[in-house]
Structures are given as C-alpha cells and as structure tokens.
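A closer look at the structure
Here are the chains, one letter per residue:
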Amino acid sequence: MCGIVGIYLKNKKFEKSLGKMLSGMLNNMESRGPDSAGFAIYKDESKKLYKFSLCINDLNFNSFKKEITKKIKKARLTQISDHVILKTLEQPKKVIEIINSNFPKVSIVGYGRSIEIFKQVGNPKDVVKKFKLDSFSGTHGIGHTRMATESAITTDGSHPYSTGEDECLVHNGSLSNHNNLRRELTKKGSVFDSENDTEVAAGYVSNSLSNNKSLKDTLTSGLKDLDGFYTFITGTRKGFAVVRDEIACKPAVIAETKNYVAIASEFQAMAHLPDVNNAKIFEPEPGIVYSWGNQ
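This section reports on the structure supplied with the text. (Residues numbered from 1 in each chain as written. Predicted model: local features only at pLDDT ≥ 70, side-chain atom pairs only at ≥ 80, totals over all residues. Heavy atoms only, no water.)

Focus: the overall build of the protein chain
Secondary structure summary: the protein chain contains seven helices and 15 strands in total. Taken over the C-alpha trace, the protein chain has a radius of gyration of 18 Å; the compact-globule value for 295 residues is 19 Å, and the two agree within 12%. In terms of overall dimensions, the protein chain has C-alpha extents of about 50 × 45 × 35 Å along its principal axes. Here the protein chain, with 295 residues, has 58% of them falling under the buried criterion. Looking at the protein chain alone, contacts between residues at least 24 apart form 72% of all its contacts between residues at least 6 apart. Per element, the accessible surface of the protein chain, about 13,000 Å² overall, is 47% carbon and sulfur. When the 41 basic and 33 acidic side-chain charges of the protein chain are each reduced to a single mean position, those positions are 8 Å apart. (Helix = DSSP H or I, 4+ residues; strand = E, 2+ residues; numbered from the N terminus. Rg over C-alpha atoms; globule rule 2.2 N^0.38 Å. Buried < 20%, exposed > 50% of the residue type's maximum accessible area, 1.4 Å probe, protein only. Contact = heavy atoms within 4.5 Å. Areas by Shrake-Rupley, 256 points an atom, 1.4 Å probe, with all protein chains shown as cover. Lys, Arg positive; Asp, Glu negative; His and termini not counted. Charge placed at Lys NZ, Arg CZ, Asp CG, Glu CD.)

Focus on helix 7 (residues 215-225)
Note: α-helices contain 3.6 residues per turn, so residues at a spacing of three or four share the same orientation. Those residues of helix 7 not exposed but buried are L215, T218, L219, S221, G222 and L223. On its buried face, helix 7 sits against helix 6 (197-210), strand 10 (228-235) and strand 11 (240-244).

So, the environment of V243
On the secondary structure map, V243 appears in strand 11. Separated by 39 residues in the primary sequence, V243 and Y204 have C-alpha atoms spaced 15 Å apart. Excluding residues within four positions of it along the chain, V243 makes contact with L219, L223, Y230, T231, F232, I288 and V289.

What to know about the environment of D197
Position of D197 relative to the elements: it lies in helix 6. Through-space distance from the C-alpha of D197 to that of H171 is 9.2 Å; in sequence the pair is 26 residues apart.

Describing the nonpolar core
Counting 31 residues, the largest nonpolar core has I7, M25, F39, M270 and L273 as its most contacted members. Residue assignment for this core shows that the elements contributing at least two residues are strand 1 (3-9), helix 1 (18-27), strand 2 (36-42), helix 4 (124-130), strand 12 (253-256) and strand 13 (260-264). Top contributing element to this core by residue count: helix 1, with five residues. With sequence-adjacent residues up to four places away left out, L273 is seen in contact with I7, M21, M25, Y260 and A262. Listed in part, the 21 residues of the second largest apolar core include Y161, L181, L185 and L215. (Core = buried A, V, L, I, M, F, W, Y, C linked by side-chain atoms within 4.5 Å.)

Some details on the packing of helix 6 against helix 7
Packed helices, taken two at a time, are described by the angle their axes make and the gap between the axes. Running from N to C, helix 6 and helix 7 point in directions that differ by 130°, and their axes come no closer than 10 Å. In terms of their interaxial angle, helix 6 and helix 7 are classed as oblique. At the point where helix 6 passes helix 7, the crossing takes the right-handed sense. In this structure, helix 6 uses Y204, V205, S208 and L209 to contact helix 7, whose residues at the interface are L215, T218, L219, S221, G222 and D225. Per-class residue counts for the contact of helix 6 with helix 7 are five nonpolar, four polar and one charged. (Axes fitted to C-alpha atoms, helices over the stretch in contact; angles between N-to-C directions. Parallel < 35°, antiparallel > 145°, perpendicular 65-115°, else oblique. Left-handed = near helix turned anticlockwise from the far one by under 90°. Nonpolar A, V, L, I, M, F, W, Y, C, P; charged D, E, K, R; others polar.)

Structural notes on the sheet that holds strand 1
Strand pairing in a sheet is mediated by backbone hydrogen bonds. Such pairs are either parallel or antiparallel. Spatially, the seven strands line up as an open sheet ordered 7-2-8-1-13-12-14, and their pairing is antiparallel. Since the sheet does not close on itself, it has two edges, and those belong to strand 7 (115-121) and strand 14 (280-282), each with one partner. Mean inter-strand twist for the sheet, computed between neighbouring axes without regard to direction, equals 10°. Packing against the sheet, helix 1 makes contact with strand 1, strand 2, strand 8 (140-146) and strand 13, and its axis sits at approximately 160° to strand 1. (Pairing = 2+ DSSP bridges.)

Points about the pairing of strand 2
Most of strand 2 sits out of view: seven of its seven residues are buried. Sheet topology places strand 2 next to strand 7; seven bridges connect them, and they run antiparallel. Bridge assignment links A37 to a residue of strand 7, and that residue is Q120.

Description of the packing of helix 5 (residues 178-187) against helix 6
The N-to-C vectors of helix 5 and helix 6 enclose an angle of 40°; their axes lie 10 Å apart at closest approach. With respect to each other, helix 5 and helix 6 are oriented oblique. As for the relative orientation of helix 5 and helix 6, their crossing is left-handed in sense. Residues H178, L181, R182 and L185 of helix 5 lie in contact with helix 6, whose contacting residues are D197, V200, G203, Y204 and N207. Partitioning the contact of helix 5 with helix 6 into residue classes produces four nonpolar, three polar and two charged.

Written out as structure tokens, the structure reads:
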C-alpha cells in the first residue's frame, strides 16, 4: 500500500501556493506510506538552462561544489537537505557522464528544463519539512508516500522515478513482469539504478516517448504491456496523466475545479485544497487514461 498525489494548476495565481497545496496532500497520505516520500515540482524557467536533481548522500556540499565546478563551468548549485539542484547550460549527456565518472556516491534523481525531484527515507511529514516543500512554487507537482513491499527502503527505492528529461512516474501497486521488461528495455539502452518495479514502468514510458509516442498513447499501450495492478501518475513538462489498470483494485480519486485538478489515493489528501467542496469529484474509470496539459 502506497499513497500517490498530484496537482495541476489551471490558474497561474495559485503557482506560489503549489508547494503548500502539495505538502498537505503528502502529509495526509502518511498512513499509506510511512517508509519514505518524494515529490516532483515543475516550474517554467529558462529554456536554455538544464536542471539536475542530485542526491549527494553523506558528501560534504562545499567539497562537492568545489570539485563539480571545476568540471562543469558556470554551474550554479543550491543545497536543500542532502539534495542539490545543479543548473547549467551544458547538455545532459555531458553532465551525466561527468557525474557518473567522477562522483560515484552521487545519485542523479532527475533532470530537465523544468523538473526538480526530491526524495528521502523517513516519515512523509519529516521529508516534506526537510525539503521545505511549503516554499516551492510551480505549475504542477506529483508526490508519493511509500510502504515498501518488494525492494529495500532506500532513497534509490523511493518515488518519483525519472528515467527521461522532464519525466517522472509514481505508482501504487505491483508489476509482475518487471524483470522481463527490464531486460528488454536494457537491450534498447535504458539504464536502471534500482530493483524497483516502478522504475521499469518509468523506463517503459521514457522509451515510448523517445519514439515520438504521446503520453496518452503510451499509457494506453501500457495496459497491454505492463502486467499487474496499479495506479500511475506520470508527469511531463507540459502536464500529467493518470491511469488505473483494467481491474482497478488500487484506489484513486480526482477533484477538478476551474483552478486546478488534484489526484490522490484517498479524498482525505485533498480535503484542505481551496474550494474542494465545490469540485467535480470522481473516480477514474478502469483502463482509461486521463490527462491535463496538452499531452
């Protein structure tokens, strides 16, 4: 059992409140996932800069900053807990190569022009507080609280998973064919850093999007290719989508107003949102992809 949440803003006036809205959603999903938590925030920023979300673990930030700026010129770094957001004009391939070759203790949590990802082991309320989620602004966000079932309780085993530029995925459920699918995707060039089945689902989405398939079509195809029971929320730079498998034993509820769309495993995660009592509230139908943001 895990908790998944997401919010997409239709009205720009709420962008400064995105972090507070998402914080409450994650805090209210604590009972569904006490082992770890994480979130992805999307922001409209410079089209030239790339952002890399890095977990430096127990490395000293100042030492890491000194060494990385020798190898990546004009890099700007911001530390939040054990994560660092690195901004640079350099292309992702070069930056990823530099980090993997020179900083084996550093994990690349995600990258893109818009996305920032933070995740950590611990109670969701503590994770929210450590990363100061309340202070974040943005256009949309996705979060997860984890109750571990099939892989270790580690930061690498936490959600969201990001396997492509400005992409992420959170998952409540379990996949039965993830080992075979991992082997197939690895042959096609995908790289996986954990044994978690959710990372395989994220890799499946990334592989499909890289072949110019839309997110909606990708998730529709996944209903045939991903065996198991699940509810996914998948994010891109433009927006996000949600899908439940055709048996739909994993819960989900959507609340939509003129200002936002919110998704969660349980309604209690959304009870604090503005004007939620006047929202259109419904459960997503099994095997149907719902998307927002011109997917």
